[in-house]
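Close look at the chain arrangement
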Amino acid sequence: MIVRKHHPIVPWIVILLLLVCTVIPLGPSMRVEADGIPLALLNPSFEDALTGSTIPGWFQPFGTTGISVSTAQSYNGSKSLLLSDTSTTASIGAESVKISGIVPGESYAASVKAYVTSGSGAVYVRFFDSAGTLLTSEAKWVSSPANQWTPVSVTAVAPANAAQASVLLYSSLSGTTTTYFDTVTLERSLRNPGFEEGAVGTVIPGWMQTFGSSGVSVTTEQADEGTKSLKLVDGSTTGSIGAESDKLTVSAGQYIGVTAKAYVTSGTVSLNIRFWDAGNTLLQTATQSLSSPQSQWTPMSVSATAPAGTVKMSVLLYSSVASTATAYFDDITLSVPAVTNLGVQITNASASYAAFGQDSSGNDLLYIGSSGNPSKLAVYNAKTGATLQSFDLPGATAVWGMAVATDGTLYLGTASGKLFQYVPGAASVTDLGVAISGETTIWELTTGTSGKIYGGTYPGGKAFKYEPGVGVTAFGGQIEPGEQYVRSIAYDESAHQLYMGIGSHAHLIRYDNNTGAMTNILPAAYSTEEFAYYTNYVNGKIFAKMSPTNVTLVIDKATLQVESTLTGIGSIGVSKLSPVADKVYYTKNGNLYSYDLTGKTETQLANVGANVIGSTFLTLNETGYPGYSYVAALKSGHILKYNLSTGTWAKTAFAVPESPTSIQSIKRGPDGKIYSVGYLVGGMGTYDPATGVQTKYKGVGQAENIAEAGNSLYFGIYPGAIIQKYDVTQAWTPGGNPANPKTLFNLGAWEQDRPFGMLAVASMNKLFVGTVPDYGKLGGAFAVYDLNTASLNVTRNVITDQSVVALANKNNEVFGGTSVWGGLGISPTATEAKLFVWDTTTNQKVFETVPVAGKRAITSLLLGPDGNIWGVAEGTLFVFNPATRTVVYSADKFPVSYSGSGHVWRDAKMELNPDGYVYVTIGGKMYRIDPATKNTETLIASGASLLATDNDGDLYYVSGVNLFKYDK
């Protein structure tokens, strides 16, 4: 039908619609989602910024008012298009910019989400010739259900001479409406995919019989959706029959997927994609066959990449030459993968480090470095907490060190290995670049003389000096041979010496800046510690916090004897020397303490509620605060003021900037949502595929991996290998009574730190955990936890000197994959990763093997579609037969090598999809593996890590702070 300006609905259709109450409700059995090859509409969700009153990608061909972009309702993002029609004699409509490349005779579908408050609205697909003259259009109207998002779709065949198409969102001449529209699509689609158009004689619209001459019909005997389906009856063992769709235009290199529902009564049938060149020559066929289960509707899917020379594709429903068959087909859908960036899932306001300084006018400033991606620097008034400035630190994910130089310049050391510089009052932060090439982290910084600062690094265990006008000077190679961390650093101006805390086998190195001489001054009694954290030099005393015992040593500089041991200090080191006494200040478990250097005594002063992350001494000139006060930034986001004379104290809140958090692990939950847990500072986000709703949560740490069983998720938290259970049916109450998530156990007593292997088996009511050990140690653990009895069995070194990083299950056996690397700061002794088998009935290891010679980490295991255990060892895919205890397949499939890697605990993630294929992320790419042939196809070429599958079979992967959906 032809649509004329201001009269898009001919009168008899208007009358008919009024007689049937304006619209036929879109019931659950009706197909309302278009499935096809999308065309590129501009601004389909109306999120683009307006240019004045102009909506990018859209114009108003009907009416002059009543159309706007609204934030009152949205299906995706935060905006939608609002049609507010108050006239019964005029229409309004918003139309997309026309799309070129339309092919006459092909089918196109326009879809939208509609939210009707009153009246009714419509979605049209409109066809135009090359001159822009309207040829034909088709519409679908919606009026109910009201006040909820409803999918609406209309399909039409492009007429002769069609060259362009558009989508029109419309309100009629005769009725008023308030309707919101969102998420508009225009797709090239199959015609008659559910066979509801029936047959005209022997002709089935959109389909033709290309194999055989009979046996193909439209029937009402069976239907998955609607009332009809396509029936194939092949009674011959020497001939085949097949019904093929009209051809659709596609491009070489396009990845095409087709799904269908099949009801097989007997024999075997297949779903096929066929690719054709410009001369109508068949180039390639992709096939998926089905013979069972019988007498029930079963989903089928097939997908392939169009080969070189492709210009068209078709779908073939087929029964082969060699056998007889009777089957029904319905719900044929066509799609190309849509990759959607679902955005940031987790944010945190995490103050990780603080320092104090002054601007050029002498105003006291507080600097806060926050963790995130990117990390941030925030500048505050140190007395009031008012925010003055905030800056991103590009490329940094954590601020580990801050120091104010003698010239007032602030320096920040970050997890990127970059050094940043901020001059008070400047409009930007200066990125000084990576301090030492190859070093990925700068730990603590300390202040020297004449504007200089010093810092320590990882993984080379190096140290450096930064001097204005000169730049960075590295102190040769590793400070302590074999050790990767210079974890803390302090400066003694009187002797021009540095004290450096080393890990992951603790040393305390005194470095003479004049001679370059280095001496380990850590007493032998503490040589078994892992780290010397938070080193300070104060008035002839060296403070060094030992880890993991959490004992801070007070060492006399002259005698190198330990004068005192202070337990449980939770602040970032101790303060500088008090200006009124021979004392330093620090916190333990939220309590403020002082330590008298002369009397060697410790005094508890006040419960301030949080630990200190940086401090100074200031004269506040406030009532109750005479003379000097200790002023500190607390981890909780407060400035603490403690007067040294009166003991009066108070806290003032400051706003820690919220930063996106990188995603460390993802998992589909028992409720169908996709759960993401954050790196370093933790936090959790959920994405609901059914509604598009995203929710953020606080109160969970860095989960290295997540397992799922029953109504619960199980988090493997670093550090300390803490295992927590979260019941998704109950309220999120971390730290509550009862707590949800709640801690089940930890593996710290077994020197374990990172639970990368997580497997929950509901049928056994057991949780299995594989771990990486503490810093500087080899030998992971394999833990079995009974969810009913809460009993825990831990086996350390289940594979000697290797970590357990991947787990899978079949029947009563658990299969474990290892990495030769242990905790950070120690070199591996093993050279090949192993696969082991754990018998859950006898609770012991019963088998181990090297499945792929020379490979150092097996980072993913999966119970495959063939009943075997599939694994990925570096770039090799292998298949292990549990019955014969043999590797039955092994081939290099992925361009990945761990040669030269400092450590690898996690890389590959495999998922068996409902479509029958195995999907893998590894080395930043995502692949699809055909289980029968093991042929591997690259789906995402870069930036993809982790993997999860939703209930519809769509895939989710991670790139930095963002979660992506790969809609097959």
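A brief look at the structure comes next. (Residues numbered from 1 in each chain as written. Predicted model: local features only at pLDDT ≥ 70, side-chain atom pairs only at ≥ 80, totals over all residues. Heavy atoms only, no water.)

To continue, consider the overall build of the protein chain. Across its full length, the protein chain holds one helix and 80 strands. Its C-alpha atoms give the protein chain a radius of gyration of 34 Å, near enough to 30 Å, the size a compact globule of 968 residues would have. For the protein chain, the spread of C-alpha atoms along the principal axes amounts to about 105 × 75 × 55 Å. Taking the contacts inside the protein chain whose residues are at least 6 apart along the sequence as the reference set, 57% of them involve residues at least 24 apart. When the accessible surface of the protein chain is totalled, it reaches about 36,200 Å², and 49% of it is carbon and sulfur. The averaged location of the 70 negative side-chain charges in the protein chain is 1 Å from the averaged location of its 59 positive side-chain charges. (Helix = DSSP H or I, 4+ residues; strand = E, 2+ residues; numbered from the N terminus. Rg over C-alpha atoms; globule rule 2.2 N^0.38 Å. Contact = heavy atoms within 4.5 Å. Areas by Shrake-Rupley, 256 points an atom, 1.4 Å probe, with all protein chains shown as cover. Lys, Arg positive; Asp, Glu negative; His and termini not counted. Charge placed at Lys NZ, Arg CZ, Asp CG, Glu CD.)

As paired strands, strand β8 (residues 121-128) and strand β9 (residues 134-142) are joined by eight bridges and run antiparallel to one another. In the sheet register, phenylalanine 128 faces β9, and the bridge partner there is leucine 134. (Pairing = 2+ DSSP bridges.)

Across all of its chains, the model carries 48 aromatic pairs by this definition. Between phenylalanine 62 and tyrosine 170 the ring centres are 5.4 Å apart and the planes differ by 80 degrees, which places this aromatic pair in the edge-to-face class. Of the two residues, phenylalanine 62 sits in strand β2 (residues 58-62) while tyrosine 170 sits in strand β11 (residues 164-171), which places them 108 residues apart along the sequence. Overall, the relative accessible area of 2% leaves phenylalanine 62 in the buried class. Aromatic pair phenylalanine 756 and tryptophan 905: ring centres 5.8 Å apart, planes at 40 degrees, arrangement tilted. Of the two residues, phenylalanine 756 sits in strand β62 (residues 752-761) while tryptophan 905 sits in the loop between β73 (886-892) and β74 (909-912), which places them 149 residues apart along the sequence. The exposure class of phenylalanine 756 is buried, given its relative accessible area of 6%. Judged by its relative accessible area of 7%, tryptophan 905 is buried. Taken together through their ring pairs, the aromatic side chains of Trp400, Trp443, Tyr458, Tyr485, Phe531, Tyr533, Tyr534 and Tyr775 make up a single cluster. Above the face of the tryptophan 276 ring, lysine 247 is positioned so that its terminal group lies 4.3 Å from the ring centre. (Phe/Tyr/Trp six-rings, centres within 6.5 Å; stacked < 30°, edge-to-face > 60°. Buried < 20%, exposed > 50% of the residue type's maximum accessible area, 1.4 Å probe, protein only. Lys NZ or Arg CZ within 6 Å of the ring centre and 35° of its normal.)

Turning next to the side chain of histidine 507. Looking at the secondary structure, you find histidine 507 in strand β40 (residues 507-512). In terms of polar contacts, histidine 507 uses its side chain to reach the backbone carbonyl oxygen of histidine 505, at 2.7 Å. Discounting residues that sit within four places of it in the chain, histidine 507 has contacts with Glu480, Glu483, Met500, Gly501, Ile502, Asn520, Leu522 and Ala532. (Polar contact = N/O pair within 3.5 Å; in protein donor to acceptor, adjacent residues only side chain to side chain.)

With antiparallel pairing, four strands are arranged side by side in an open sheet as β34-β35-β36-β37. Of all the strands in the sheet, just β34 (441-447) and β37 (471-474) have a single pairing partner and so form its edges. Strand after strand, the sheet turns through a mean of 30 degrees between neighbouring axes, direction not considered. (Axes fitted to C-alpha atoms, helices over the stretch in contact; angles between N-to-C directions.)

Once that is clear, we can look at the side chain of threonine 446. Within the secondary structure, threonine 446 sits in strand β34. In contact with threonine 446, other than residues within four places in its own chain, are Ala403, Ile453, Tyr454, Ile489, Ala490, Tyr491 and Leu498.

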